[in-house]
Amino acid sequence: LDLVDLPGLVTVDVPEYPGKRQGVFDLVSSQIAEDREGGNTSIYLVTVPATGSPTLNNALKFMHDMGVADRTVGVFTKADQSPSLERLRAFVTGEDFTETETDGSLVIKSAAAVGAAPLEKGWVTTMLKMPQPLMYYTSAQHSIERMKKMDNEEKLFFGGEDKPFASRILRDLFDRGYAGVGAL
């Protein structure tokens, strides 16, 4: 199994890096073309912030345009910054949800109606908050400890029963295998 970590797509060039947008596009496109020539053996991972709608994400649109969405796993990052956990669950699972309107009425909404983008390989979600202390990120000798600490932090965030930030929605996603790096 080969893992190729491609750069994230760039939507706007900046003066310090002229041509970066096209260069990254060409690099990713050539990797996909090489995969096609080699028998379509790659699986792609696309990351989308949980703070918005996946249908508006350029990287996901690119995967569809390149014809590799059927071999793409989606990851919603920043679940801890999601403005609506109900929508996040709908994005990940494709399930309908109930939302309170501004007039106080409850409305059942479909995942598709709020911008869900189903992927054949599915979606998972991860959190952004990094464990403290930050020395775990600057010292190579602590990499295993950092990974274990992050795993524990994710378990508390998504599945913790007595923590104020472990909502029943996140717990549901965790219990069903949709949340945390381990879900990948």
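Everything below is about the structure printed above this text.
The present account deals with the structure reproduced in this document.

Scoring rules and cut-offs
Residues numbered from 1 in each chain as written. Predicted model: local features only at pLDDT ≥ 70, side-chain atom pairs only at ≥ 80, totals over all residues. Heavy atoms only, no water. Helix = DSSP H or I, 4+ residues; strand = E, 2+ residues; numbered from the N terminus. Buried < 20%, exposed > 50% of the residue type's maximum accessible area, 1.4 Å probe, protein only. Contact = heavy atoms within 4.5 Å. 1 Å grid on protein atoms, 1.4 Å probe; cavity = no way out; pocket = protein on both sides within 12 Å on 5 of 7 lines; lining within 4 Å. Points joined across faces, edges and corners; volume = space filled by probe spheres on them. Nonpolar A, V, L, I, M, F, W, Y, C, P; charged D, E, K, R; others polar. Patch = residues over 30% accessible without salt bridge, like charges linked within 9 Å, V, L, I, M, F, W, Y side chains within 5 Å. Areas by Shrake-Rupley, 256 points an atom, 1.4 Å probe, with all protein chains shown as cover. Salt bridge = Lys/Arg side-chain N within 4 Å of Asp/Glu carboxyl O. Pairing = 2+ DSSP bridges. Axes fitted to C-alpha atoms, helices over the stretch in contact; angles between N-to-C directions. Phe/Tyr/Trp six-rings, centres within 6.5 Å; stacked < 30°, edge-to-face > 60°. Lys NZ or Arg CZ within 6 Å of the ring centre and 35° of its normal. Right-handed = clockwise from strand over helix to strand, strands pointing away.

**A closer look at the overall build of the protein**
At step 1: Of regular secondary structure, the protein possesses five helices and five strands.
At step 2: Counting from the amino terminus, helix and strand elements in the protein follow one another as α-β-α-β-α-β-β-β-α-α.
At step 3: A total of 184 residues make up the protein; the buried ones form 33% of that total.
At step 4: Sequence-distant contacts, at least 24 apart, represent 59% of the contacts inside the protein between residues at least 6 apart.

**Considerations on the layout of surface pockets**
At step 1: When its volume is computed, the second largest pocket comes out at roughly 240 Å³.
At step 2: What lines the second largest pocket is Leu9, Val10, Thr11, Arg21, Gln22, Val24, Phe25, Asn58, Lys61, Phe62, Asp65 and Met66.
At step 3: Residue assignment for the lining of the second largest pocket shows that the elements contributing at least two residues are helix H1 (20-37) and helix H2 (58-65).
At step 4: Residues belonging to the lining of the second largest pocket are distributed by class as follows: six nonpolar, three polar and three charged.

**A look at a nonpolar patch on the surface**
At step 1: Judged by side-chain polarity, Leu45, Val181 and Leu184 come together as a nonpolar surface patch covering roughly 300 Å² of accessible area.
At step 2: Topologically, Leu45 is positioned in strand S1 (residues 44-49).

**Concerning the sheet that holds S1**
At step 1: An order of S1-S2-S5 is seen for the three strands of this open sheet, with the pairing classed as parallel. If you trace the sheet from one side to the other, it starts and ends with S1 and strand S5 (123-125), each paired once. Put simply, the sheet's adjacent strands are angled 25 degrees from each other on average, direction ignored.
At step 2: Where strand S2 (residues 72-77) lies against S5, three bridges are found, and the strand directions are parallel. Along S5, the bridge assignment pairs Phe76 with Thr125.

**A short note on unusual backbone geometry**
Among all residues except glycine, the phi angle is most often negative; among peptide bonds, the trans geometry is most common.
At step 1: One non-glycine residue, Asn40, adopts positive backbone phi at about 55 degrees.
At step 2: Of note, Asn40 is situated in the loop between H1 and S1.
At step 3: In this structure Asn40 comes out as partly exposed when scored by relative accessible area, which is 38%.
At step 4: With phi around 65 degrees, Lys78 is a residue other than glycine that occupies positive phi space.
At step 5: Assignment of secondary structure puts Lys78 in the loop between S2 and helix H3 (85-93).
At step 6: Exposure remark for Lys78: the relative accessible area of 29% places this residue in the partly exposed category.

**Topic: the environment of Asn40**
At step 1: Through-space distance from the C-alpha of Asn40 to that of Arg71 is 8.9 Å; in sequence the pair is 31 residues apart.
At step 2: In this view, Asn40 contacts Asp35 and Arg71; residues no more than four positions away in its chain are not counted.

**Thoughts on the packing of aromatic side chains**
Describing an aromatic ring pair means giving the distance of the ring centres and the angle of the ring planes.
At step 1: Taken as a whole, this structure holds four aromatic pairs when the rule is applied.
At step 2: Between the aromatic rings of Phe157 and Phe158, the centroid separation amounts to 4.9 Å while the plane-to-plane angle is 80 degrees, which identifies the pairing as edge-to-face. As far as the burial class goes, Phe157 and Phe158 line up, both buried.
At step 3: These aromatic residues form a ring-pair network of at least three members: Phe76, Phe91 and Trp123.
At step 4: Above the ring of Tyr17, the side-chain terminus of Lys20 is found at 5.3 Å from the ring centroid.

**Examining the pairing of S2**
At step 1: A large share of S2 lies buried, amounting to five of its six residues.
At step 2: Two elements, S1 and S2, share six bridges in a ladder whose sense is parallel. Bridged to Thr47 within S2 is Val75.
At step 3: The β-α-β motif built from S1, the intervening H2 and the parallel element S2 has right-handed crossover chirality.

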